[in-house]
Every structure is written in C-alpha cells, then in structure tokens.
Amino acid sequence: MNITELLVDLHIRENEATARADELRNQIAHFTAALTETEAHLADLATTRKTIAELAPTGTEPDPPESSTACQTIVNTFNQHPDQVFRARELHELLGMPTDEASVNITRSRLGRLTRQGFLTQPGRGRYQKRTYRPLRSLSNLQVRSHHAC
C-alpha cells in the first residue's frame, strides 16, 4: 500500500467515524429529551397521587408519614449546605438513604417540585442547589403555602 492509498483509507475511516459520532449525538439528544419528558411525567404522577390521597374520604389510608420526613430531611440538608450542589443520588448517599433507582427517582421528583416552587435552583442538568436569595422554609411552612409541597 502506498502513501496515497493509505491517506485515502484514513480519510474514509475518518468520515465513517464522524458519521457514527453524529449518529450517537443524535441518539443522545433523543434520549435526553425522552428522559426529561419522562421525569416531568413522573413528577406530575406523584403530584396527582398526593392530591387524590388528600381528597380521598377519611377512612382511606393516607401517604406514609416518612414522605413528609424525607422532604424535611432534604430541605434541612440544603439549609445545612447552602452553597453545595447535589445530585439526587448524592443526597441519598449523604443522608444514608437507599440508593436504589426507585428511591432516587422519588427524590428527583421532590427536588423538581422544590425547584418549580422556587426554593431550589438547577445550576446544571440533574443538579440542585439552595436558591441563594431566598432561604428555604421548613416543611410546615411549605405546607401552609401549598397543600402538597413535597
């Protein structure tokens, strides 16, 4: 193989690698959009479930009390680390909470709600931080403002 054939072969391989990289970037963009949509849907479902549970006639079982405790623990953690940026899994590890995907997803939903309510900011995808200009309130104050704060 001479130099010209080698350069042509390398150019062909480079074009193939570039096409594959573009294809993978498109797949990543598609998956990112699908994940964002699914996380929003998950948060909506959790909110709907809590709303229905609040409106259910007495005698039905309410949400377990650890749900409020978990939210208060999250709020307290952000108050204790106001400049720290956390991912949901990092919060679980810091607090000694289960790190299985279902548990972490519930926390992601809670963090999303706290972000939408203006108590947290999202400085990057999947990262949450206490909003600096407004202190987080305790969970009891959150519940006064909103029937289902967390």
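That block above? That's the structure.
Not measured: the values here are computed from a predicted model. (Residues numbered from 1 in each chain as written. Predicted model: local features only at pLDDT ≥ 70, side-chain atom pairs only at ≥ 80, totals over all residues. Heavy atoms only, no water.)

How would you explain the overall build of the protein if you had to name every residue and give the values?
Along the protein, the regular secondary structure elements total five helices and two strands. Along the protein, helices and strands appear, N-terminal first, in the series α-α-α-α-β-β-α. Residues classed as buried in the protein amount to 27% of the 150 residues present. By sequence separation, contacts in the protein at least 24 residues apart represent 52% of the contacts at least 6 residues apart. As presented, the protein carries roughly 10000 Å² of accessible surface, and 57% of it is formed by carbon and sulfur atoms. (Helix = DSSP H or I, 4+ residues; strand = E, 2+ residues; numbered from the N terminus. Buried < 20%, exposed > 50% of the residue type's maximum accessible area, 1.4 Å probe, protein only. Contact = heavy atoms within 4.5 Å. Areas by Shrake-Rupley, 256 points an atom, 1.4 Å probe, with all protein chains shown as cover.)

Provide a residue-level description of the nonpolar core, including the pertinent values.
Counting twelve residues, the largest nonpolar core consists of Ile74, Val75, Phe78, Phe86, Ala88, Leu91, Val104, Leu111, Leu114, Phe119, Leu120 and Tyr128. Secondary-structure elements contributing two or more residues to this core are helix H2 (66-80), helix H3 (88-95) and helix H4 (101-116). Not counting chain neighbours up to four residues away, the residues in contact with Ile74 comprise Leu91, Thr107, Arg110, Leu111 and Leu114. (Core = buried A, V, L, I, M, F, W, Y, C linked by side-chain atoms within 4.5 Å.)

If you had to explain the packing of H3 against H4 to someone new, which residues and values would you point to?
The interhelical angle for the contact between H3 and H4, taken along N-to-C directions, is 110°, at an axis separation of 9 Å. On the basis of their axis angle, the class for H3 and H4 is roughly perpendicular. Crossing geometry of H3 relative to H4 is assigned as right-handed. Contact residues: H3 offers Ala88, Arg89, Leu91 and His92, while H4 offers Glu101, Ser103, Val104, Thr107, Arg108 and Leu111. Here the residues of the contact of H3 with H4 are counted per class, giving four nonpolar, three polar and three charged. (Axes fitted to C-alpha atoms, helices over the stretch in contact; angles between N-to-C directions. Parallel < 35°, antiparallel > 145°, perpendicular 65-115°, else oblique. Left-handed = near helix turned anticlockwise from the far one by under 90°. Nonpolar A, V, L, I, M, F, W, Y, C, P; charged D, E, K, R; others polar.)

Outline the packing of helix H1 (residues 3-55) against H4, supporting the account with residue identities and numerical values.
Interhelical geometry of H1 versus H4 gives an angle of 85° and a closest axis separation of 9 Å. Of the possible angle classes, the one that applies to H1 and H4 is roughly perpendicular. Touching Glu39, Leu42, Ala43, Ala46, Thr47 and Lys50 of H1 are Asn105, Arg108, Ser109, Arg113 and Arg116, all from H4. Across the contact of H1 with H4, the residue classes break down as three nonpolar, three polar and five charged.

I'd like a description of the side chain of His92, backed by residues and values.
Tracing the sequence through the fold places His92 in helix H3. For His92, the contacting residues outside a window of four places in its chain are Met97, Pro98, Thr99, Ser103, Val104 and Thr107.

Explain the pairing of strand E1 (residues 120-124) residue by residue, including any values.
With three bridges connecting them, E1 and strand E2 (residues 127-130) associate as antiparallel partners. The residue bridging Thr121 from the neighbouring strand is Gln129, located in E2. (Pairing = 2+ DSSP bridges.)

Give a detailed account of the packing of aromatic side chains, specifying residues and quantitative values.
Counted by the stated rule, this structure contains one aromatic pair. Ring centres 5.5 Å apart and planes at 90° place the aromatic pair Phe78 and Phe86 in the edge-to-face group. Among the residues examined, Phe78 registers a relative accessible area of 0% and is labelled buried. Given a relative accessible area of 5%, Phe86 falls into the buried group. (Phe/Tyr/Trp six-rings, centres within 6.5 Å; stacked < 30°, edge-to-face > 60°.)

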